[in-house]
Amino acid sequence: MANSAADILLETISDWGVEVIFGLPGDGINGIMEALRKRKDKIRFIQVRHEESAAFMACAYAKYTGKLGVCLATSGPGGIHLLNGLYDAKLDGQPVLAITGHHFHDLIDTHAQQDVSLDRLFMDVAVYNTRVMGAAHVENIADLACRTALAYRGVAHINFPVDLQEQQAGERSKRNVPGHTSDRGERHAQLPAQADLDRAAEVLNGGKKVAILCGRGALNATDELEEIAEKLAAPIIKALLGKAAVPDDSAYTTGGIGLLGTKPSQDAMESCDTLLMVGTSFPYIEFLPKPGQARAVQIDLDPVRIGLRYPVDVGLVGDSRRTLRALCDSLQRQEDRSFLEKARAGMAEWWQLMEERGSRADRPMKPQVVAWELGKRLADNAIVSCDSGTVATWFARQIRARRGQMYSLSGNLASMANGLPYAIAAQIAYPARQSIAFVGDGGFSMLMAEFVTAVKYRLPIKVVVIKNNSLGMIKWEQMVFLGNPEYGCELEPIDFAGFARACGAQGFTIDDPAQCGATLDQALETPGPVLIEAVVDPFVPPMPAKVTLEQAAHFAESLARGEPNRSKIAWTVLSDKVRELV
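What this report covers is the structure whose coordinates are included nearby. (Residues numbered from 1 in each chain as written. Predicted model: local features only at pLDDT ≥ 70, side-chain atom pairs only at ≥ 80, totals over all residues. Heavy atoms only, no water.)

### Things to note about the overall build of the protein
Part 1: Scanning the protein from terminus to terminus reveals 23 helices and 18 strands.
Part 2: The C-alpha atoms of the protein give 25 Å as radius of gyration, which agrees with the globular expectation for 582 residues (25 Å, within 12%).
Part 3: Put simply, the protein has 582 residues, and 58% of those count as buried.
Part 4: Summarising the internal contacts of the protein: among those between residues at least 6 apart in sequence, 74% fall at separations of at least 24.
Part 5: Accessible surface, the protein: about 24000 Å² in total, of which carbon and sulfur atoms supply 52%.
Part 6: Between the centroid of the 61 positive side chains of the protein and the centroid of its 70 negative side chains there is a distance of 2 Å. (Helix = DSSP H or I, 4+ residues; strand = E, 2+ residues; numbered from the N terminus. Rg over C-alpha atoms; globule rule 2.2 N^0.38 Å. Buried < 20%, exposed > 50% of the residue type's maximum accessible area, 1.4 Å probe, protein only. Contact = heavy atoms within 4.5 Å. Areas by Shrake-Rupley, 256 points an atom, 1.4 Å probe, with all protein chains shown as cover. Lys, Arg positive; Asp, Glu negative; His and termini not counted. Charge placed at Lys NZ, Arg CZ, Asp CG, Glu CD.)

### Section: the pairing of strand E10 (residues 274-278)
The side chains of a regular strand alternate between the sheet's two faces.
Part 1: The element E10 is extensively covered by neighbouring structure, given that five of its five residues are classed as buried.
Part 2: Of the two faces of E10, both are covered, the one formed by Thr 274, Leu 276 and Val 278 as well as the one formed by Leu 275 and Met 277.
Part 3: Here strand E7 (residues 210-214) runs beside E10; their pairing, made up of five bridges, is parallel. Looking across to E10, one finds that Ala 211 is bridged to Leu 275.
Part 4: Inspection of the sheet shows E10 paired to strand E11 (residues 295-300) by five bridges, in the parallel sense. Looking at E11, one finds that Thr 274 is bridged to Arg 295. (Pairing = 2+ DSSP bridges.)

### Focus: the sheet that holds strand E14 (residues 406-408)
Across a sheet, strands are paired by hydrogen bonds formed along the backbone, either parallel or antiparallel in direction.
Part 1: Pairing within the open sheet is parallel, and its six strands lie in the order E14-E13-E15-E16-E18-E17. Each end of this open sheet is capped by a strand with a single partner; those strands are E14 and strand E17 (506-510). In this sheet, neighbouring strand axes are inclined to one another by 15 degrees on average, regardless of whether the strands run parallel or antiparallel.
Part 2: The pairing of strand E16 (residues 462-467) with strand E18 (residues 530-535) spans six bridges and is parallel. Bridge assignment links Ile 466 to a residue of E18, and that residue is Ala 534.
Part 3: The strands touched by helix H3 (residues 51-65) are strand E13 (383-386) and E14; relative to E14, the strand with the most contacts, the crossing angle is about 145 degrees. (Axes fitted to C-alpha atoms, helices over the stretch in contact; angles between N-to-C directions.)

### A closer look at the side chain of Ser 250
Part 1: Inspection of the secondary structure puts Ser 250 in the loop between strand E8 (236-238) and strand E9 (253-256).
Part 2: Owing to a relative accessible area of 10%, Ser 250 belongs among the buried residues under this scheme.
Part 3: A distance of 2.7 Å separates polar atoms of two side chains, one belonging to Ser 250 and the other to Glu 226. (Polar contact = N/O pair within 3.5 Å; in protein donor to acceptor, adjacent residues only side chain to side chain.)

### Observations regarding the sheet that holds E10
Part 1: Reading across the sheet, the six strands line up as E9-E8-E7-E10-E11-E12 and stay open at both edges, with parallel pairing between neighbours. Sheet topology places E9 and strand E12 (314-317) at the edges, where each strand pairs with a single neighbour. For this sheet, the mean angle separating the axes of adjacent strands, direction not counted, is 15 degrees.
Part 2: Set on the sheet, helix H13 (residues 338-358) makes contact with E7 and E9; between it and E9 the angle comes to about 55 degrees.

Now the structure itself:
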């Protein structure tokens, strides 16, 4: 039975299905920690080493399960540390509840210690944001916070002064009638009007070269996407967060788009006359058809996103899966299959190129080799979490998604350091599934202390660290986007395998492509948490699938202006091109 205000909070969010909270104790949340201790058989508390990780884990938990992710931090700096992970949740549309402490309520705004008004600080990141005013206030706001986060797929924040956490339930205002709030959270029908579906079908049936672009909002609509692609003879192009929307062995997909995408995807975008966008707000507008080139239909759960990236003829507001099902019967079979067949031929060539790059035996080892060999060894139900940087290029191109697998990374925020916390959260959510972190040395080193969290909780995650001793993506952006020599991007080497062993886990090192597959086999079969350090060539550029004249000119300019590794970089790029020609 709930007694204190903190007890009421934990009982209320438990009623919303919360089973896990990621966080770090502190004296600003002592009352909440005691309430957690009393409910440790009901709500699992995962202690992290940094609050940023707790927020990343809550975001990943929401992404991989569809449930509410919850993180907990103390007052002042503890709550501030949550912000990066919470913005990850906000920008990728994930339901997360952040609970933070505050110091004594009657000393707020008096220059006291850790006197940070976190409710004010969180105003931009949160869709619901409030401070507890007393024990009688808690149930009302906790219900509303959970409901709002789930309904609007965003961050809700409750700031809880430490002395009020221990306040006993008792008097309430006469209008605050006991039992008036509930834990019900219903969804609307999420289906467009029939008239809108008819107009969308007219647009799509009129297209001769239809392309489908799908994102994270289409992750549960695999069968429907393929059925419509078959009818319309349309290639399916995937934004990075939609990597698992359609498996890469599907006869319909051309894989990714953008800087990390494929040439067939870009070819399809440049030549289509009709575009169907499903559950995506892909932000790189320059990779979409030019305005006026194609008629467009967009399906999105959020009406605000309709027409955000491309001038659409028809917007369909609704759940991707149900909307595609409703639309399918009105679509006619496209008899001219040439647009799809051309995309399929292009993908056959693309996968030949990816296999060639992933099978190179020369040293230093290429990062594509590690990704290619890992992809072949993933379990059918693997969950793969990636970091931001050049590693995301190899994740996007070289690891072939299979049906039943899950993939994610920090999408719109594109934050570094999320990969390891994501993998931990995935393993917490699915103890029996394979959880892989595919990360770069730059991002991993930011929050590498969380590897100890995996050891502490005996989580059998496998962490593959692509070690090039460089902030690789930043280096190439300096060169290709601006024509400048790289500056400030070199990293001091770390013995990551030795670090893993120091944490009490197993560590492996790969630097020979001939041993890459065998070492990965051994590492993946090793019980418990394992780190695989893959030492790779730092001079392999993550070039776009189609290089523009401007990018090529900037690249050449950076070499001419004194790029310190220009001879090695030029040789690597030249040898890659020669291999493609022969």
